[in-house]
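Take a look at the letters that make up each chain.
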Amino acid sequence: MTNISKFSDVYIKTKEKIKQILSELKIMDTAIFDYNLSLLSPIKTGGKCACFLKINSKQKLIKLINILLKENVKFYIVGNCSNILFNDGFLNFLIIKLDKGFDKIEVLKGKQALKIKCGPAVNLQKFIIYLADFNVDFSFAAGIPGTVGGAVIGNSGSNKIGINDFVKKIEYISLKNISNHVLNNLTSNSFNAFFKDNNKSIDSSCNNNFNFKIANIKTKTLNNKDYKYRALVINDLLVLTGVYFELDFSIKQVEYKNFILGNNKIEILNNIRKKIKEKKASQPVRRKSLGCFFKNPSDSIFAGKLIEDAGFKGFKFGDAKVSLKHANYLLNVGNASSQDILTLSKIIKYYIKEKYNINLEYEIKLMGF
Ligand SMILES: Cc1cc2nc3c(=O)[nH]c(=O)nc-3n(C[C@H](O)[C@H](O)[C@H](O)COP(=O)(O)OP(=O)(O)OC[C@H]3O[C@@H](n4cnc5c(N)ncnc54)[C@H](O)[C@@H]3O)c2cc1C
């Protein structure tokens, strides 16, 4: 079922409910109603959401989410939106951005191993520069726009390295005993959030059609089953609230998954610059896009190469265009809608399936479709 609604009763009622809730919680000051989602998106497409809210405090977020659940108001958590295609039209959602209060980097211990707790709203590029001060080389993530939270959710990276290869533990909000129907309603295709403000699970009910339990904030040590290429796979995860990195200095100068510990800062900064230069040379990073649209089908089969070999470079649907520079980038070269971008992607998927019998999967997240 689509979550898009025309400027309908549902949309208007959702907006009114949100207004009431936010004013009760006294957090109206960072809310914008009928927010134009294309302003958030680097591909500059998408419709309007009932409300866009920046939130700074975990406690306020916990309260808010509990009320939203009770009132059956849909919500969706975003980082910098660099990987999300928002539907066009009017989306009866509250879009929540974790803001400054979730933007802290904390060094927990710095001798044998560097232990860092990082807030999900921390800018990824700021984080890798920060790590260079500790002689830690995260240049594999250089030039990737967005937040650390968004990167962990998508296990972002390059050259077969994902950020989660270096994550020791995550703190997140988990949702227990909730029906699929409800989960679908609440989360679209992704991770939506709610918190509770104490440590016990509570039963609650949402209008009259379903029951749910609100789960606790949890921490979990990541093992390699919890993530895969471009995905974190934790079924009960609703919102990521903290990321713990642990980097062991005892392995100085030893290559670990192509990641070098113990280089000096100058060398690391050079690696970062080099990586950004390479990325600019091979990808249209300054154009309106969401980065690579499709996942690589395997370690040795690249989506961009398949799309290029199928003759799609430069192919247009309306103002949606396959980049000439890198065929896995779909660009908005004018006034494309999200629907134009999606249609172009579907044409590509169809042909790749026909030609190579390969199902291309989206790397980007679809929101509100
Ligand atoms: C020019 C360009 C180049 C790019 N290059 C790369 C690249 O080289 N490698 C790569 O992997 N990606 C790349 N990307 C994609 C994108 O930058 C990454 O996926 C990035 O890590 C997304 O971070 P974000 O903060 O923008 O997340 P968003 O796009 O805001 O969110 C992504 C997903 O994470 C969820 N999410 C975000 N924060 C939270 C949270 N705290 N709790 C729960 N869910 C959350 C959202 O709901 C959404 O489903 C590129 C994008 C662009 C535009």
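Cut-offs applied
- Residues numbered from 1 in each chain as written.
- Predicted model: local features only at pLDDT ≥ 70, side-chain atom pairs only at ≥ 80, totals over all residues.
- Helix = DSSP H or I, 4+ residues; strand = E, 2+ residues; numbered from the N terminus.
- Contact = placed C-beta atoms within 7 Å.
- Pairing = 2+ DSSP bridges.
- Expected span 1.5 Å × (residues − 1).
- Buried ≥ 20, exposed ≤ 12 C-beta atoms within 10 Å, placed from the backbone.
- Arc of directions from axis to C-beta.
- Near = placed C-beta within 6 Å.
- Nonpolar A, V, L, I, M, F, W, Y, C, P; charged D, E, K, R; others polar.
- Core = buried A, V, L, I, M, F, W, Y, C linked by C-beta atoms within 7 Å.
- pLDDT = per-residue confidence, 0-100.

J.: Before we move on, can you summarise the overall build of the protein with the specific residues and values?
T.: When helices and strands are counted, the protein shows eight helices and 22 strands. Excluding contacts between residues fewer than 6 apart, the proportion of contacts in the protein whose partners are at least 24 apart in sequence is 69%.

J.: Residues and numbers for the sheet that holds strand β21 (residues 330-332), please.
T.: The strand order β19-β20-β21 describes an open sheet built from three strands, whose pairing is antiparallel. Bordering the open sheet on either side are β19 (316-317) and β21, each of which pairs with just one other strand. Sheet analysis places strand β20 (residues 320-322) next to β21, joined by three bridges and oriented antiparallel. Residue A320 lies in a different strand from β21, and its bridge partner there is N332.

J.: Explain helix α2 (residues 58-71) to me, and be specific about the residues and the numbers.
T.: Taking 1.5 Å per residue as the helical rise, α2 with its 14 residues ought to reach 20 Å, and the 20 Å between its terminal C-alpha atoms agrees with that figure. Of the positions making up α2, those classed as buried are L61, L64, I65, L68 and L69. With its buried residues spanning 135 degrees around the axis, α2 presents them on a single face. With its phi angle positive at about 60 degrees, N72 sits one or two positions after the end of α2.

J.: Explain the site of the ligand to me, using residue names and the numbers behind them.
T.: The immediate surroundings of the ligand are formed by 33 residues, with G79, G146, G150, S156 and G291 found nearest. Counting residues per element, the ones that place at least two in the shell around the ligand are β4 (75-78), α4 (148-153), β9 (157-158) and β16 (237-248). Here the shell around the ligand takes four residues from α4, the largest share from any one element. Its residues assigned to classes, the shell around the ligand comprises 17 nonpolar, 15 polar and one charged.

J.: Run through unusual backbone geometry, naming residues and quoting values.
T.: Residue D34 is not a glycine yet carries a positive backbone phi of 50 degrees. Tracing the backbone shows D34 in strand β2 (residues 31-36). One non-glycine residue, N135, lies in the positive phi region at around 60 degrees. Mapped onto the fold, N135 is located in the loop between α3 (124-132) and α4.

J.: Describe in detail the nonpolar core, supporting the description with residues and values.
T.: Judged by nonpolar contacts, the single largest core of 95 residues is most densely connected at C49, L85, L94, I95, I128, A141 and V152. With residues up to four places along the chain from it excluded, the contact list for L85 reads I43, L290, S338, I341, L342, I364, L366 and M367.

J.: For the environment of A132, give the residues involved together with the corresponding values.
T.: Relative to the assigned elements, A132 resides in helix α3. Between the C-alpha atom of A132 and that of E267, which follows or precedes it by 135 residues, the distance is 9.1 Å.

J.: For the pairing of β4, give the residues involved together with the corresponding values.
T.: Side chains F75 and I77 of β4 all project onto a buried face; the interleaved residues Y76 and V78 project onto the opposite face, where all are buried too. In the sheet, β4 pairs with strand β6 (residues 90-98) via four bridges, with the strands oriented parallel. Looking at the pairing, Y76 lines up with I95 of β6.

J.: Summarise the confidence of the model for the protein; cite the residues concerned and give the values.
T.: Overall, the prediction assigns the protein a mean pLDDT of 86, with 83% of residues at 70 or greater. For residues 187-208, every residue scores under 50 in pLDDT, and the model assigns this stretch 67 contacts once sequence neighbours within four places are set aside.

J.: How would you summarise the environment of L85 if you had to cite specific residues and measurements?
T.: For L85, the location among the structural elements is in strand β5 (residues 84-86). In this structure, the C-alpha to C-alpha distance between L85 and S38, residues 47 residues apart in sequence, is 9.3 Å.

J.: Residues and numbers for the environment of G291, please.
T.: Here G291 lies in the loop between α6 (265-282) and α7 (303-309). For G291, a count of 23 C-beta atoms within 10 Å puts it in the buried group. For the pair G291 and I144, spaced 147 residues apart in the sequence, the C-alpha separation amounts to 8.7 Å. Once residues within four sequence positions are removed from consideration, G291 is found in contact with S82, N83 and Y329.

J.: Describe α3, naming the residues involved and giving the relevant values.
T.: Listing the buried residues of α3 in full gives L124, F127, I128, L131 and A132. Buried positions in α3, seen along its axis, are confined to an arc of 145 degrees and lie on one side of it.

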